[in-house]
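Close look at the chain arrangement
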Amino acid sequence: MFSRFSPLAVVAVALALVSAGSASAQTAAGIDIISDSLTLDGTLRSVLDANPAVTSLDELANAANGRLAQTRTGFLPQITGTATYTRIDPVVQLPFGGEILQLAPNNNYDAHITAQYLLLDFGKSDAQVKLAESQVQTARDNVNVTKRDLAFNAAQVYYNILFMRESIKVQDAQIASLRAHRNEMEKRVQGGVSTRFDVTTTNVRITQAQNTRIDLQNQLRNQQVQLARLLHKPSQADVPVKGQLTFQPQTVDVNAELARAYDSRPEIKLARDAETSATLQQRLVERSNMPSLGVGAQVGAKNGYLPDLNQIRPNTVGVVQLSVPIYDGNKNKNQRVEALANSRSAVARTQDLQEQIRADVRQAVNNMEFSQARYTNAEQQIAQATDALTRARARYRYDVGTNLDVLDAETQLAQARLSRAQAVYNYTLGQYQLKRATGEQIWK
């Protein structure tokens, strides 16, 4: 509540409300609102479509899908074709019955097809697939978190712009009222009823109100720059938005909102993804030291067979292989210790996040409740300030009141209107804070 008009106080209120969304914005001359075209939904869609961070995470999700497909190939046979030529000099030659017996040809040809298939690995391949599936889900949830953050940043900038417009309207109304009062005093001075001092005092108040309006206009332009950045447009580009601040109170069931947050908030999904991945990693480590059983077959043709070493003949090979790890220097044991610690850490992070979610929901609800109370109080202030201004003007006309009374009443009315706009702005942001805290999607 303002007890006495101060342009710096009004500016401070405006700056505090928009500082979160405009900390890095810079003033850019030439950005003017020419037309109204972007609604909130349009702004959110445009920001999400234009931001390369979303595209990057989408591609990372596609890469995770590719890794998942790779792990599933472990359930399929592996077939390869090989053809080789080898020149050997010298080769072993033995005298036999007056002739020279050559044990291997100089030119060796070998072409064959090999098929291998893993029959049993005691769940190792299945664990790898499930871990890859969990990583895919994590990548998708990361996309949702990024979209959520971008959407709420865009919504905040959008409502910052609407708030600055509403604040400028309040200043315009005050300036217009002060000018009308000054014109009336000019007539009174000409009639010899008032002095030039009253006119000068009123001009000072008009100048103060105009200075405040200039500061608000600067903040409005900064928010335009911030929105242009989110849309990845040039800083000088005109980014018009459409809408106005409206007070739309809602009934909030804290327990229901908490239940929704625990179920839908993307951070809790990511935390549960981390728990699942840690558990699956632990399961994979436990199975990585298990035996594996595989079969293979090879069919082809090669030379080098007696008695005609140069004749190419068909050949086949069949193999059954059992691999049993015996000793790995305690590597698997230490991997299990690491995996178990990671699993416990993931569970602890989820518990901590649940506490944070509970605090976020309650803070958002508190902000809405107190903003609603401030709105009700501001409505009463406006009614009282309007009545006070009417009485001050009447008293001034009949020379039973002073010009300062009128100016103070004008200031009180402007402060009350700004306080109402601030309450609507804070309540609206509180609603979006609650949506963010509960994981509600605000874009279509």
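Residues numbered from 1 in each chain as written. Predicted model: local features only at pLDDT ≥ 70, side-chain atom pairs only at ≥ 80, totals over all residues. Heavy atoms only, no water.

Let's talk about the nonpolar core
- In terms of nonpolar packing, the biggest core is built from 40 residues, with Leu 44, Tyr 159 and Ile 442 touching the most fellow members.
- Within the residue set of this core, elements represented by two or more residues are α2 (40-50), α4 (124-190), α5 (196-230) and α9 (403-438).
- Sequence-distant contacts of Ile 442, defined by excluding residues within four places in its chain, comprise Asp 41, Leu 44, Ala 151, Phe 152, Ala 155, Tyr 432 and Lys 435.
- With 13 residues, the next largest nonpolar core counts Leu 258, Ala 271, Val 365 and Ala 437 among its residues. (Core = buried A, V, L, I, M, F, W, Y, C linked by side-chain atoms within 4.5 Å. Buried < 20%, exposed > 50% of the residue type's maximum accessible area, 1.4 Å probe, protein only. Helix = DSSP H or I, 4+ residues; strand = E, 2+ residues; numbered from the N terminus. Contact = heavy atoms within 4.5 Å.)

Points about the UniProt feature "coiled-coil region" (unreviewed entry) in the protein chain
- Per the UniProt record, "coiled-coil region" (unreviewed entry) is found at residues 168-233 and 361-395.
- Across residues 168-233, the secondary structure splits into 88% helix and 0% strand, with the terminal C-alpha atoms separated by 25 Å.
- Overall, residues 361-395 shows 100% helix and 0% strand. The separation of its end C-alpha atoms is 50 Å. (UniProt positions renumbered as here; feature names shortened; annotations may be inferred.)

Focus: the side chain of Ser 134
- For Ser 134, the position within the fold is in helix α4.
- Taking relative accessible area as the criterion, Ser 134 reaches 7% and is therefore assigned buried.
- Ignoring sequence-local partners within four residues, the contact set of Ser 134 consists of Asp 273, Thr 276, Ser 277 and Leu 280.

A word on the environment of Lys 233
- Relative to the helices and strands, Lys 233 is located in the loop between α5 and α6 (254-264).
- Note: C-alpha distance between Lys 233 and Asp 360 (127 residues apart in sequence) is 33 Å.
- Once residues within four sequence positions are removed from consideration, Lys 233 is found in contact with Ala 228 and Val 239.

What to know about the sheet that holds strand β5 (residues 292-302)
- Spatial ordering of the open sheet is given by β1-β4-β5-β6, a layout of four strands whose pairing is antiparallel. The open sheet has two edge strands with one neighbour each: β1 (78-87) and β6 (313-323). Direction aside, the axes of adjacent strands within the sheet are offset by 20° on average.
- Relative to β6, β5 is paired through 11 bridges, and the arrangement is antiparallel. Paired with Lys 302 across the strands is Arg 313, a residue of β6. (Pairing = 2+ DSSP bridges. Axes fitted to C-alpha atoms, helices over the stretch in contact; angles between N-to-C directions.)

Observations regarding the packing of aromatic side chains
- Under the criterion given, the structure shown has seven aromatic pairs.
- Geometrically, the ring pair formed by Phe 152 and Tyr 432 is edge-to-face, given 6.5 Å between the ring centres and 80° between the ring planes. Here Tyr 432 lies in helix α9 and Phe 152 lies in helix α4, a separation of 280 residues in the sequence. Across the pair, Tyr 432 and Phe 152 agree in class, each one buried.
- Centroid distance Tyr 159 to Tyr 432: 5.4 Å. Interplanar angle 45°. Geometry classified as tilted. Remark: Tyr 432 occurs in helix α9 and Tyr 159 occurs in helix α4; sequence separation between them is 273 residues.
- Judged by relative accessible area, Tyr 159 falls into the buried class, the value being 12%.
- An aromatic cluster of at least three residues, connected via ring pairs, comprises Phe 152, Tyr 158, Tyr 159 and Tyr 432.
- Of note, Arg 188 hangs over the ring of Tyr 396, and the distance from its end group to the ring centre comes to 4.6 Å.
- Looking at Lys 435, its charged tip hangs above the ring of Tyr 432, at a distance of 4.6 Å from the centre. (Phe/Tyr/Trp six-rings, centres within 6.5 Å; stacked < 30°, edge-to-face > 60°. Lys NZ or Arg CZ within 6 Å of the ring centre and 35° of its normal.)

Quick word on the confidence of the model for the protein chain
- A residue-level look at the protein chain finds 91% of positions with pLDDT of 70 or above and a mean pLDDT of 85.
- Taken element by element, the predicted model of the protein chain shows its lowest mean pLDDT in helix α1 (residues 7-22) (37) and its highest in β1 (94).
- Confidence drops under pLDDT 50 across residues 1-36; counting only partners more than four residues distant or on other chains, this segment forms 79 contacts. (pLDDT = per-residue confidence, 0-100.)

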